[in-house]
Amino acid sequence: MTSCGVGEIYTSSDKILELVSRETTLLDALQSHINAEYDNLKALSGFLSERSKATRTASYDDLKLQAEHPNGAYHLIKLYTQDWHHIVMANPLFDKHISHLKPKLPTSDDFRGACSAIVRLHRMYKLRVDDMYTGNYSGYLGPRLTPDDAFEIGRQAFVDGFLEESSDWLKVAVEKLAEQDGTRGQTQYTMSKRGQACGLLGRAFYFMNNTDRATELYNMGRHLDSSSGDILQLQKELQSQISTDVYGSATEVWHDNMTELCMWDKSKRVEQLRPFHFCRYKVALFSLPYIRYKEEILSVAPFVSVFYEMVSDKEIDTITTYVKGRMYRGLVGMGENATTAYIRTSDLGWMYDDELEIATRVSERVKSITGLEVAQRTPDGPSSSEAFQIVNYGMGGHYDVHMDPFDHTPDDNLLNRSGERLATFLIYLSDVKKGGNTVFVRSKISVAPQKGMALFWYNFDPSMKKDLQTHHAGCPVIIGHKWIANKWIWTYGNTFRRKCGPRPSSKQLDIEPLMYSSHKHCTRH
C-alpha cells in the first residue's frame, strides 16, 4: 500500500486523522478478498477431489485404453483445454508453478484439431453420428458425448467447410439440448446454446441452398436467443441473399475411392486375385547368415509387395523409445516452404543409421531384401537413402493422397545431389485395432498395419517416369495407435530393379513355396 512518489500524507494533520477510519475500509476489503479466495479454494478443492477420484478409481491401463477411443481422446483434450484452462486462468500463482509443464499440455488448437479428427472419421468411414455420439465406432464402444460436444464438433465441421457433416452434428446438438430441456427443465444456458445451434445449423442449410429450412431454423433460434452471433449472421445472409458460392465446400481428391479402400476388411488387400498375386520366400542378398523373408506380391505395375517379420518387437521398442521426446508435428512440403496442413496429422522424428546400431542393422536388412543401395553419407552427401522417418499418428491421424517423389525438380543443394525417391520401404511398428490402412487409390490396394511387417514399392516405372499408380494415402486411425518407419531410397547409386518376373517354382526356390490362405495372406501350403 506504499507509494513510490513524494509523501503527501505526513504534511497534513487532517490527512493523518483520516487514516484512523481508513483502516476499517481496508479491513472490509481484506475480508471480501478472503471470502473470494475461500470460495476459490473451495472450488479448487472440489475440482481436486473430483479429478483425484476419477484418476485413482481407474487403472492406468484402463485410462490408456479409453484414450485409444476417439471420444475418450476428445474428452481428455477437452479436460485440459477447458476445465484445467479455467483453473489456471483463475489462479496466476498456480499458473506460475506449472509453467514448465505448459509446453506439453494441449491448447485450443488441439481441441479444434480433435473436433476435426472426429469429423474426418465421420466422413471417411461413413459412420452414423448417432452411433458416434453414444461412443459406438464400428462396434468399438467408448464414452458418450454431450450436447455441447455435438455443437463444438458441428461448429468445427462448418469452419472446415464440411457442410453436410456440420448439419448432421448440429441436428444432434439441437435434438439433445431439447431433450435436456424436457427432462431437467429449461435453463437460460440450454436455451442460449440451442439458439446458437439453430443459428449455425440454419447457416449450414443456407449454404447448401436450402433457404426454406434455414428460415425455419432462424425463426426457431431467434426465440431462444435473439442475440446469438450465428442467428444475427443468418439474418443478414437471408436478407442480403449472399451468394452461397463464397463459402464453398472443402473437398478431398480421391475421397470416394479412398473411403472404399479404407473400409476394406483387414483380410482384403487387392480387389481381385490375379496370376501375379502370389507369395514366396525372398532370399536376402549380401546377407550372412543366409536369410529368407516371406514376401507377398500385391502388384507388378506398379510393383508393390509386403514382407513379413521384418523387425522384432524388441527392435521396435528400441526405435520408438529412441524417438520419443524428439518428435514434432509432421509438415507438408520441403525446406522453407514446409508447413502444417489439414491433409497430414501426425508427429514425426528422424533416426539416422549412424545414431543407433539398430538403425544400421535394419537399413542393411532393407538393402539385402531390395538389392538397392541405402548408404547415408551425411552431412556431405550425396546419399542413397534418407534417414528413417518415424511417424506416430494420433487421434484420427491420417495422410491424404500423395506421391512420395517431389512435385518439382528437387534442389541439388537441398538433397546433396542424391536425386529422387526411387522407392519407399515402409515398416509398421504397431498393430492398429481399427483403421490406419495404407491405400493405393489408383491401383485399388489396401494394406492394414501389422506389427513387424513392411510394405515396399517403386515410385517410378522401369522407364524412370513417375508412376502415377503409386498415389497413396494413410487412412485415418479409428481405434488404437499407429507407428511406422519410412525409408525412402534415392536414385543415387541405384537403378530400377525388376524384382518380380515370372513366378518361381519350388525347385528354383529350393524350399516349399508359400500359398494364399483363405485370408489371402502368406501361410505354408
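Predicted model, so just to flag it, every value in this text is computed and none were measured.

**Re the overall build of the protein chain**
For the protein chain, the count of helices and strands is 15 helices and 20 strands. Counting across all 525 residues of the protein chain, residues that qualify as buried make up 46%. For the protein chain, the proportion of contacts with a sequence separation of at least 24, taken over those separated by at least 6, is 73%. Only carbon and sulfur atoms are counted for the fraction: they give 52% of the accessible area of the protein chain, which is about 27,500 Å².

**Here's the deal with the sheet that holds strand 14 (residues 445–447)**
The pairing of strands in a sheet happens through backbone hydrogen bonds and is either parallel or antiparallel. Here five strands make up an open sheet; going across it, the order is 7-10-16-13-14 and the pairing antiparallel. In this open sheet, the two strands that pair with only one neighbour each are strand 7 (344–345) and strand 14. In terms of strand pairing, strand 10 (residues 398–402) meets strand 16 (residues 472–474) through two bridges, oriented antiparallel. Looking across to strand 16, one finds that His402 is bridged to His472.

**Side note on the state of the cysteines**
A covalent bond between the sulfur atoms of two cysteines is referred to as a disulfide. Evaluated as defined, the whole model comprises one disulfide. With its sulfur 2.0 Å from that of its partner, Cys262 forms a disulfide with Cys475. The sign of the S-S torsion, about -85°, decides the handedness of the disulfide formed by Cys262 and Cys475: left-handed. Here Cys262, found in helix 12 (residues 255–262), pairs with Cys475, found in the loop between strand 16 and strand 17 (477–479); they are 213 residues apart in sequence, far enough to count as distant. Given a relative accessible area of 5%, Cys262 falls into the buried group. The exposure class assigned to Cys475 is buried, which follows from its relative accessible area of 1%.

**Observations regarding the packing of helix 3 (residues 70–90) against helix 7 (residues 147–160)**
Contact geometry of helix 3 with helix 7 gives a least axis separation of 13 Å together with a crossing angle of 90°. In this view, helix 3 runs roughly perpendicular relative to helix 7, as classed from their interaxial angle. Contact residues: helix 3 offers Tyr74, His75 and Lys78, while helix 7 offers Asp149, Glu152 and Ile153. Partitioning the contact of helix 3 with helix 7 into residue classes produces two nonpolar, one polar and three charged.

**A closer look at unusual backbone geometry**
Backbone torsion omega between Ala301 and Pro302 reads 5°, so that peptide bond is classified as cis. Within the secondary structure, Pro302 is located in the loop between strand 4 (292–300) and strand 5 (303–307). Despite not being glycine, Met464 shows a phi value in the positive range, around 65°. Its location among the elements puts Met464 in the loop between strand 15 (454–458) and strand 16. Residue Met464 is classed as partly exposed on the basis of its relative accessible area, which comes to 36%.

**Remarks on the side chain of Asn437**
You can see Asn437 is positioned in the loop between strand 12 (434–435) and strand 13 (438–440). Residue class for Asn437 comes out buried when judged on its relative accessible area of 3%. Side-chain polar atoms of Asn437 contact the side chain of Ser446, separated by 3.0 Å. Excluding anything up to four places from it in sequence, Asn437 contacts Leu261, Cys262, Trp264, Ser446, Val447, Ala448, Pro449, Ala473, Gly474, Cys475 and Lys482.

What counts and how
- Residues numbered from 1 in each chain as written.
- Predicted model: local features only at pLDDT ≥ 70, side-chain atom pairs only at ≥ 80, totals over all residues.
- Heavy atoms only, no water.
- Helix = DSSP H or I, 4+ residues; strand = E, 2+ residues; numbered from the N terminus.
- Buried < 20%, exposed > 50% of the residue type's maximum accessible area, 1.4 Å probe, protein only.
- Contact = heavy atoms within 4.5 Å.
- Areas by Shrake-Rupley, 256 points an atom, 1.4 Å probe, with all protein chains shown as cover.
- Pairing = 2+ DSSP bridges.
- Disulfide = S-S within 2.5 Å.
- Axes fitted to C-alpha atoms, helices over the stretch in contact; angles between N-to-C directions.
- Parallel < 35°, antiparallel > 145°, perpendicular 65-115°, else oblique.
- Nonpolar A, V, L, I, M, F, W, Y, C, P; charged D, E, K, R; others polar.
- Polar contact = N/O pair within 3.5 Å; in protein donor to acceptor, adjacent residues only side chain to side chain.

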